[in-house]
Amino acid sequence: MSDFVMTQWPVTRFTETETETTTLAIAEETPVSFVFNSVPYAVMMASLQDLEDYAYGFSITERLVSHPSSIKAVRTEIGEDGVTLFLDIAGEDFRRLLQSRRAMTGRTGCGICGSEDLKSLHQALPSVPIMPPVSLSAIQQAVHTLADYQTLNAQVHMVHGAAWCGSDGSLRMIREDVGRHNALDKLIGAGLRKNFCFSEGFCLITSRCSYEMVQKAILAGFSTLVAISAPTTRAVKLAKEAGLTIIGLARPSKQYLFTGQIACSH
């Protein structure tokens, strides 16, 4: 699968003193088609690793299935034009999917493009679990060590990461993808498949904290979301309604609390 994740590409490198021809690893971006019970649903652009995690996370955060156990099987088929994920899901969820079906060809990890109407963006979300505030020192540690765990990004320098961190700041799991939504979906899917309790600790993302990212975090059951970039106004309002803590513009030396609480020693 590594050949489908990145490619060595010939480039010309310029410096102040010389010009040379070399190769550079660049990330692959491949169409991934989701088919539920033989019915095509969406085509997303994604990186081709952790696809089964992606299938679970996408299905849950798009509210296509009511519970991970509703997914009976996942089959991957690699073709000339891309990859198809065939999912067998429970009858009740499939009937609901058919009623609200949308044909969606997504850009890279597109979040809400393809929604049929504005009303679909305002569906009620659950409140996040009430947990003790995450400590500032734990967040600082996670942000400081994040790059060490981004193995794909270290080679291609342009993919997003989503990590689940323990309450002590240790990185327990990370997923990477060319799309920020995809990376988070893969992380969520991996945790769901392993029955992890996401309400403990916090989620750390390398991208901006948009409305869709907050919605996915809420549906996954995270209690705290930490982002390297800043949140949008809509994201902050949604997080506040659900009780999700948001820390944005997170750097090893500086962090900003937008909603919720944080345990701080000073």
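This one's a predicted model, so the numbers in the text were calculated from it and none came from an experiment. (Residues numbered from 1 in each chain as written. Predicted model: local features only at pLDDT ≥ 70, side-chain atom pairs only at ≥ 80, totals over all residues. Heavy atoms only, no water.)

### Some details on a nonpolar patch on the surface
Rules: Note on patches: the residues involved have over 30% relative accessible area and no salt bridge, like charges join within 9 Å, and the nonpolar side chains Val, Leu, Ile, Met, Phe, Trp and Tyr join within 5 Å. Working definition of accessibility: Shrake-Rupley area with a 1.4 Å probe, residue cover restricted to the visible protein chains. Every case where a carboxyl oxygen of Asp or Glu lies within 4 Å of a side-chain nitrogen of Lys or Arg is listed as a salt bridge. Helix numbers and strand numbers start at the N terminus; a helix is a DSSP run of H or I with at least 4 residues, a strand a run of E with at least 2.
Taken together, the side chains of Trp9, Leu24 and Ile26 make up a nonpolar region of the molecular surface, amounting to roughly 290 Å² of accessible area. One can find Ile26 in strand β2 (residues 19–27).

### Observations concerning helix α7 (residues 211–220)
Let me state the cut-off plainly: Think of it in three bands: with a 1.4 Å probe and only protein chains considered, a residue is buried below 20% of the maximum accessible area for its type, exposed above 50%, and partly exposed in between. Whether two residues touch is decided by their heavy atoms; if any such pair falls within 4.5 Å, the residues are in contact.
α7 sits mainly inside the fold: nine of its ten residues count as buried. Listed as buried for α7 are Tyr211, Glu212, Met213, Val214, Gln215, Lys216, Ala217, Ile218 and Ala220. Looking at the packing, one finds that the buried side of α7 touches α2 (51–61), α6 (180–193), β10 (202–205), β11 (224–227), α8 (233–242) and β12 (245–251). Directly after α7, the chain includes Gly221, whose backbone phi takes a positive value near 95 degrees.

### Examining the nonpolar core
Operational definition: Residues belong to one nonpolar core when they are buried, are Ala, Val, Leu, Ile, Met, Phe, Trp, Tyr or Cys, and are joined through side-chain atoms within 4.5 Å.
Formed by 54 residues in total, the largest nonpolar core has its most connected members in Phe34, Leu87, Val214, Phe222 and Leu244. Beyond its immediate sequence surroundings of up to four residues, Leu244 is in contact with Val128, Val214, Ala217, Ile218, Phe222, Ser223, Thr224, Leu225, Ala239 and Thr259.

### Remarks on the sheet that holds β12
The criterion, for reference: Here, strands pair whenever DSSP counts at least two bridges between them. Note on definitions: angles span 0 to 180 degrees between N-to-C directions of axes, and those axes are lines fitted to C-alpha atoms, for helices only across the stretch in contact.
The mixed open sheet is built from six strands, whose spatial order is β9-β8-β10-β11-β12-β13. Taken across any chain shown, the strands that pair with only one partner, and hence form the sheet edges, are β9 (171–177) and β13 (254–259). For this sheet, the mean angle separating the axes of adjacent strands, direction not counted, is 20 degrees. Sheet topology note: the β10/β11 ladder contains three bridges and is parallel. From the neighbouring strand, Cys203 faces β11, where its bridge partner is Leu225. Its contacts with the sheet place α6 against β8 (160–165), β9 and β10, and it is angled at close to 140 degrees to β9.

### Some details on the pairing of β12
Our working rule: We call a crossover right-handed when, viewed with the strands running away from us, the connection from the first strand over the helix to the second turns clockwise.
Most of β12 is tucked away, with five of its seven residues classed as buried. As paired elements, β11 and β12 share three bridges and run parallel to each other. Along β12, the bridge assignment pairs Leu225 with Ile246. Viewed along the sheet, the connection from β11 through α8 into β12 turns out right-handed. Two strands pair when backbone bridges link them, and β12 and β13 are joined in this way by four bridges, in the antiparallel orientation. Directly across from Arg251, in β13, lies its bridge partner Lys254.

### What about the pattern of salt bridges?
This model, assessed by the stated rule, comprises eleven salt bridges. Note that Glu52 is salt-bridged to Arg193, the shortest N-O span being 3.5 Å. Taken together, the positions of Glu52 in helix α2 and Arg193 in helix α6 put the pair 141 residues apart, joining distant regions of the chain. Between Glu62 and Lys216 there is a salt bridge whose closest N-O contact spans 3.8 Å. Remark: Lys216 occurs in helix α7 and Glu62 occurs in the loop between α2 and β5 (71–78); sequence separation between them is 154 residues. Glu62 gets classed as buried once you look at its relative accessible area, which sits at 17%. When its relative accessible area of 3% is taken as the criterion, Lys216 is described as buried. Taken together, the shared-partner salt bridges connect Asp50, Glu52, Asp53, Arg175 and Arg193 into one network.

### Focus: the confidence of the model for the protein chain
Low-confidence regions, as indicated by low pLDDT, have predicted coordinates that should not be scrutinised in detail. To keep it simple, the criterion reads: A residue's pLDDT is simply how confident the predictor is in it, with values from 0 to 100.
With 88% of its residues at a pLDDT of 70 or more, the protein chain shows a mean pLDDT of 87. Element-level mean pLDDT values for the protein chain span from 50 in strand β7 (residues 104–108) up to 98 in β10. Note that residues 111–121 has pLDDT below 50 and, in this model, 20 contacts with residues that lie over four places away or in other chains.

### Quick look at the packing of aromatic side chains
Rules: Pairing of aromatic rings covers Phe, Tyr and Trp, the last through its six-membered ring, and needs centres within 6.5 Å; plane angles under 30 degrees mean stacked, over 60 mean edge-to-face, and all others mean tilted.
Tallied over the entire structure, the rule returns eight aromatic pairs. Ring geometry for Phe34 against Phe36: centres 6.5 Å apart, planes inclined by 15 degrees, an arrangement best described as stacked. Here the two residues Phe34 and Phe36 agree in accessibility, since each one is buried. An aromatic cluster of three or more residues is present, and its members are Phe34, Phe36, Tyr41, Tyr54 and Phe58.

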